Amino acid sequence: MSNNFLNPVTTQTWANGRHIVRCVKVIQETWDVRTFCFMADQPIMFFFKPGQFVTLELEIEGQPIMRSYTISSSPSVPYSFSVTIKRVPGGKVSNWLHDTLHEGQELAVHGPVGLFNAIDFSSPKVLYLSGGVGITPVMSMARWYYDTNANVDMTFIHSARSPKDIIYHRELEHMASRIDNFSLHLICEKHGLGEPWAGYRGYLNHKMLELMAPDFLEREVFCCGPTPYMNAVKRLLETAGFDMKRYHEESFGATPPEARADAVEQAEQAADAPEVDAADLHLVEFTSSGKSIRVGPGETVHAAAAKLGMMIPKACGMGICGTCKVLKLGGEVEMEHNGGITEDDEAEGYILSCCSVPKGDVRIDF
């Protein structure tokens, strides 16, 4: 069959990097959760893998701040993307976004990145487990399969504090009413006066899981929520004999406990360490700034820049978000990242400065 009638896509497409976008809509999802929708002034198709996230570049009280948020929309709606954010009591960034970010306002966004996605771990049968605002990445996945009429058997189990805290409640029920391959189950920890609730109550447990997804052992599991929630889900699945190779979770938020412990241990070792011999120091040269500095073993490119008073944008500090990507012009580094950079970027010479340790003298375009 001839493809002569097909026209190539001429619109610009999104690539991992820094982009200026404009807020075009703010949606009040629940009493403390809002969705912010963004577009570019010049049309850009925002292709990404459902489940991936972006990092917002903000300025709050004169201070630059980076925060990573999962994309809650689906790439099936390609000319915009959305993030859904819960107002956290005392949270500097979430409160600023809720109180300040309005339609028409512009900001810079970095991404998309993330290993937690529906494309890299595709399966004909999936189980989505989410708690609270952790619903956002799995909602992106579910929307993608729903919009594309994918032949994927989806079971969606979401836990919320109360009926008024269920994010995307009406949309989820609409999806479940329209297709027979989307099974929806909602659990509320409690319900207040005047809040009728006939669904599951309490916390997800093994008996509930067997009722909602009797074949959960055969499914690919995607989980996102508060750390205690995800820990409880993992214990539940492990106890049930689930193949944890088929378990995937979103965890770019808080620093893992083991990482914090490593940092404390390394700090203690550094305090007791003898002075580094000059022969073991490596020169890190930042060509665009015309600055350079020598660093000791184990120090990252990002740390080198900070010592010179230069701030390479950074959000997670663990090689996940991709915000600190810079171009390496020469030399070698040892980079231990967690999915924040693509193989194509590495082939072009890019590195993540937060997790790249020079193996010799290096030159960085910054």
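Preceding this section is the structure that the text describes.
Residues numbered from 1 in each chain as written. Predicted model: local features only at pLDDT ≥ 70, side-chain atom pairs only at ≥ 80, totals over all residues. Heavy atoms only, no water.

Enquirer: Any chance you could explain the overall build of the protein chain here in plain terms?
Expert: Looking only at helices and strands, one finds 8 helices and 21 strands in the protein chain. Within the protein chain, buried positions represent 47% of all 366 residues. Considering only residue pairs separated by 6 or more positions, the protein chain has 68% of its internal contacts joining residues 24 or more positions apart. Of the roughly 18700 Å² of accessible surface on the protein chain, a fraction of 51% belongs to carbon and sulfur atoms. (Helix = DSSP H or I, 4+ residues; strand = E, 2+ residues; numbered from the N terminus. Buried < 20%, exposed > 50% of the residue type's maximum accessible area, 1.4 Å probe, protein only. Contact = heavy atoms within 4.5 Å. Areas by Shrake-Rupley, 256 points an atom, 1.4 Å probe, with all protein chains shown as cover.)

Enquirer: It is not clear to me how the sheet that holds strand β5 (residues 53-60) should be interpreted in this structure. Could you clarify?
Expert: Sheets are built from strands paired through backbone hydrogen bonds, the pairs being either parallel or antiparallel. Strand order in this open sheet of 6 strands is β6-β5-β8-β2-β3-β7, and the pairing throughout is antiparallel. Bordering the open sheet on either side are β6 (63-70) and β7 (81-86), each of which pairs with just one other strand. Recorded for the sheet is a direction-independent mean angle of 40° between the axes of neighbouring strands. Here helix α1 (residues 92-100) sits on the sheet and contacts β3 (33-39), β5, β6 and β7; the angle it forms with β5, its principal contact strand, is near 80°. (Pairing = 2+ DSSP bridges. Axes fitted to C-alpha atoms, helices over the stretch in contact; angles between N-to-C directions.)

Enquirer: Please clarify how the side chain of Thr84 should be interpreted in this entry.
Expert: Relative to the assigned elements, Thr84 resides in strand β7. The exposure class assigned to Thr84 is buried, which follows from its relative accessible area of 4%. A distance of 2.9 Å separates a polar atom in the side chain of Thr84 from a polar atom in the side chain of Ser72. In this structure the side chain of Thr84 is engaged in a polar contact, spanning 2.6 Å, whose partner is the side chain of Tyr168. Beyond its immediate sequence surroundings of up to four residues, Thr84 is in contact with Glu29, Val33, Arg34, Thr35, Thr70, Ser72, Val133, Thr136, Ile167 and Tyr168. (Polar contact = N/O pair within 3.5 Å; in protein donor to acceptor, adjacent residues only side chain to side chain.)

Enquirer: How should I be thinking about the sheet that holds strand β9 (residues 125-131) in this particular structure?
Expert: Spatially, 6 strands are ordered β12-β11-β10-β9-β13-β14 in an open sheet, and the strand pairing comes out parallel. The open sheet is flanked by β12 (200-201) and β14 (247-249), the only strands paired with a single partner. Sheet topology places strand β13 (residues 220-224) next to β14; 3 bridges connect them, and they run parallel. The residue of β14 that forms the bridge with Cys223 is Glu249. Against the sheet, helix α2 (residues 135-147) engages β9, β10 (153-160), β11 (182-188) and β13, with an angle of about 150° to β10.

Enquirer: Mind showing me how you'd approach the packing of aromatic side chains here?
Expert: Two numbers describe a pair of aromatic rings. These are the distance of the centres and the angle of the planes. Overall, the coordinates contain 9 aromatic pairs when judged by the stated rule. On the basis of an interplanar angle of 85° and a centroid distance of 4.9 Å, the ring pair of Trp14 and Phe46 is categorised as edge-to-face. Residue Trp14 is found in the loop between β1 (12-13) and β2 (17-30), and its partner Phe46 is found in the loop between β4 (44-45) and β5; the two are separated by 32 residues along the sequence. Note on accessibility: Trp14 and Phe46 belong to one class, buried. An aromatic cluster is present here, built from Trp14, Phe38, Phe46, Phe48 and Phe81 joined pairwise through their rings. Over the aromatic face of Tyr168 sits the side chain of Arg143, whose NZ or CZ is 4.7 Å from the ring centroid. Of note, Lys325 hangs over the ring of Tyr350, and the distance from its end group to the ring centre comes to 4.8 Å. (Phe/Tyr/Trp six-rings, centres within 6.5 Å; stacked < 30°, edge-to-face > 60°. Lys NZ or Arg CZ within 6 Å of the ring centre and 35° of its normal.)

Enquirer: What exactly am I supposed to notice about unusual backbone geometry here?
Expert: Glycine aside, a negative phi is what most residues show, and trans is what most peptide bonds show. With an omega dihedral of 5°, the bond running from Gly111 to Pro112 counts as a cis peptide bond. Residue position: Pro112 is located in strand β8 (residues 106-113). A positive phi angle, close to 60°, is found at Tyr168, a residue other than glycine. Tracing the backbone through its elements, the reader meets Tyr168 in the loop between β10 and α3 (169-178).

Enquirer: Is there a simple way to think about the nonpolar core in this case?
Expert: In summary, soluble globular proteins display a tendency toward joint burial of nonpolar side chains. In terms of nonpolar packing, the biggest core is built from 27 residues, with Tyr128, Ile135, Met154, Phe156, Leu172 and Phe182 touching the most fellow members. The set of elements that each furnish at least two residues to this core consists of β9, α2, β10, α3 and β11. A total of 7 residues in this core trace back to one element, the largest contributor, which is α2. Beyond its immediate sequence surroundings of up to four residues, Phe182 is in contact with Ala142, Met154, Phe156, Leu172, Met175 and Ala176. In terms of nonpolar packing, the next biggest core, distinct from the first, is built from 25 residues, Phe38, Val54, Leu58 and Leu107 among them. (Core = buried A, V, L, I, M, F, W, Y, C linked by side-chain atoms within 4.5 Å.)

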